[in-house]
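# Summary of the model geometry
What follows is the residue order along each chain.
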Amino acid sequence: MASPDSPLLRALRGDRPERPPVWFMRQAGRSLPEYRELRVGTRMLDACLTPELAAEITLQPIRRHGVDAGIFFSDIVVPLRLAGIAVEIEPGRGPVFADPVRTADDVARVTAIDPADVAAAATPIREAVGLVTAELGDTPLIGFAGAPFTLAAYLVEGGPSKEHLRARGMMHADPESWHRLAGWLALVSRAFLDAQIAGGASAVQLFDSWAGSLSIADYRAFVAPHSAQALGGIIVPRIHFGVGTGALLPDMRLGGIADAVGVDWRTPLDEAASALGPDTTVQGNIDPALLGAPWPVLAAHVDDVIARGRAARAHILNLGHGVPPDTDPAVLTRIVARAHGDVE
Ligand code: CP3
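First, a word on scope: everything that follows refers to the structure included in this document. (Residues numbered from 1 in each chain as written. Predicted model: local features only at pLDDT ≥ 70, side-chain atom pairs only at ≥ 80, totals over all residues. Heavy atoms only, no water.)

### Re the overall build of the protein
Each helix and strand counted, the protein has 16 helices and 9 strands in total. Radius of gyration (C-alpha) of the protein: 19 Å, near the 20 Å computed for a compact globule of 344 residues. C-alpha atoms of the protein, sized along the principal axes, occupy 60 × 45 × 35 Å. With 344 residues in all, the protein has 58% of them scored as buried. Within the protein, contacts between residues separated by at least 24 positions form 72% of all contacts whose residues are at least 6 apart in sequence. For the protein, the exposed surface amounts to about 13100 Å²; the carbon and sulfur share of it is 52%. Averaging the coordinates of the 30 positive side-chain charges in the protein and doing the same for the 40 negative ones gives two points 2 Å apart. (Helix = DSSP H or I, 4+ residues; strand = E, 2+ residues; numbered from the N terminus. Rg over C-alpha atoms; globule rule 2.2 N^0.38 Å. Buried < 20%, exposed > 50% of the residue type's maximum accessible area, 1.4 Å probe, protein only. Contact = heavy atoms within 4.5 Å. Areas by Shrake-Rupley, 256 points an atom, 1.4 Å probe, with all protein chains shown as cover. Lys, Arg positive; Asp, Glu negative; His and termini not counted. Charge placed at Lys NZ, Arg CZ, Asp CG, Glu CD.)

Structural data, given as structure tokens:
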């Protein structure tokens, strides 16, 4: 079991370890040659639902980089697959749904699926997480799920989109269907989180990656209550993350449900800390674009992020969004070493 004194869990409690804990969103995946090798011939969602494979992929970056936490290898659309919805992840593109959910009838069809079916079908998730946590010892594993809005952005559109017009449109064209869909997605993501917690995850992160496309008013009226429902009453610490959400940061605390809020590279962490106040840990926010810069440039940026993070009650070092697939993994290892005070 993870140690409650591990740097990540301390930082999530608002305690400040001497060095900030560090992990990376998308630390598992295509930046690692050992991942690319394991994935040959296996579709993404099949890999996610094969416990030994998902566990091994989760462990790869922890062994290689010495990060302070694992993030479970899976995807935000896995619980929708477990619900029986036809979804595939197209390489280089993202999640694609055979039957987009656009009309009131579509919403009624999908929300008729009992979220308890997702919990029942989540055995491979519990198993994979159990295999990982048995290996990890003191190091915590972070479980995750997609927030209702970010899932809806794919499900309503049928695939990736830039401004998520159809999902945002449904909020105003048919608010009743929107709330029914988002409320159902909250329960489905919650079942996915609960399976990971049952398997031994020590913390969870809710990804609302595309919340930055929303106005503050729409975020409050149509989105935050459902995200709060997905995270409410969970017994492990909670991180809430979005991209382009500088204006939404205070709302992303969800009234204190979130122990930490993830910040993208656009908002300096000292500004984020003052927006979030004294009761919230900040996570972030190395600019992924700088991962290819000469080391002295990147190192100075990392130091600046760490220095600004001191304005918050506690800081978890991470990127402002996921690891780009073409990242040199040696650079990530070097960032971890620097955050830990080991070298250069
Ligand atoms: O290491 C980790 O962070 C854990 C694994 C993880 C994946 N997806 C694996 C994955 C996590 C936390 C996610 C969450 C996820 N999935 C989000 C939220 C995080 C974010 O980046 O904003 C979103 C929006 C998705 C939807 C999704 N799945 C996209 C946009 C893509 C990329 C498509 C592509 O090929 O560029 C995926 C596929 C995906 N999820 C991959 C991985 C490793 C790549 C698939 C592959 O390796 O073949």
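We are not done yet, so read on.
### What to know about the environment of Thr327
With respect to the helices and strands, Thr327 occurs in the loop between strand S9 (315-319) and helix H16 (329-339). Owing to a relative accessible area of 8%, Thr327 belongs among the buried residues under this scheme. Considering only alpha carbons, one finds Thr327 and Gly292, 35 residues apart in sequence, at a separation of 7.2 Å. With near-sequence residues (within four places) excluded, Thr327 lies in contact with Ser31, Leu291 and Leu332. A polar contact of 2.7 Å, which involves the side chain of Thr327, links it to the backbone oxygen of Pro324. (Polar contact = N/O pair within 3.5 Å; in protein donor to acceptor, adjacent residues only side chain to side chain.)

### Brief notes about the site of the ligand
Around the ligand, the structure places 26 residues, and the nearest of them are Arg26, Tyr35, Gly92, Ser209 and His321. A distance of 2.5 Å is found between an oxygen atom of the ligand and a backbone nitrogen or oxygen belonging to Arg26. One of the side-chain nitrogen or oxygen atoms of Arg39 is found 2.9 Å away from an oxygen atom of the ligand. Relative to its free-state accessible area of 870 Å², the ligand is covered by the protein chains to the extent of 91%. Residue assignment for the shell around the ligand shows that the elements contributing at least two residues are helix H2 (33-39) and strand S3 (94-97). For the shell around the ligand, a count of residues per class yields 15 nonpolar, 6 polar and 5 charged. (Near = heavy atom within 4 Å. Nonpolar A, V, L, I, M, F, W, Y, C, P; charged D, E, K, R; others polar.)

### As for the side chain of Asp208
Secondary-structure assignment places Asp208 in strand S5 (residues 203-208). Salt bridges are absent for the buried Asp208, whose nearest opposite-charge side chain, Arg168, sits at 11 Å. (Salt bridge = Lys/Arg side-chain N within 4 Å of Asp/Glu carboxyl O.)

### Some points on helix H8 (residues 123-136)
For H8, with 14 residues, the first-to-last C-alpha span of 20 Å sits near the 20 Å given by 1.5 Å per residue. Of all the positions in H8, only Pro124, Ile125, Ala128, Val129, Val132, Thr133 and Leu136 are classed as buried. Relative to the axis of H8, the buried residues are bounded by an arc of 160 degrees and lie together on one face. If you follow the buried residues of H8, they end up packed against helix H3 (44-48), helix H4 (51-65), helix H5 (78-82), helix H7 (115-121), strand S4 (141-146) and helix H11 (175-199). Positive backbone phi, at 65 degrees, marks Gly137, one or two positions downstream of H8. (Expected span 1.5 Å × (residues − 1). Arc of directions from axis to C-beta.)

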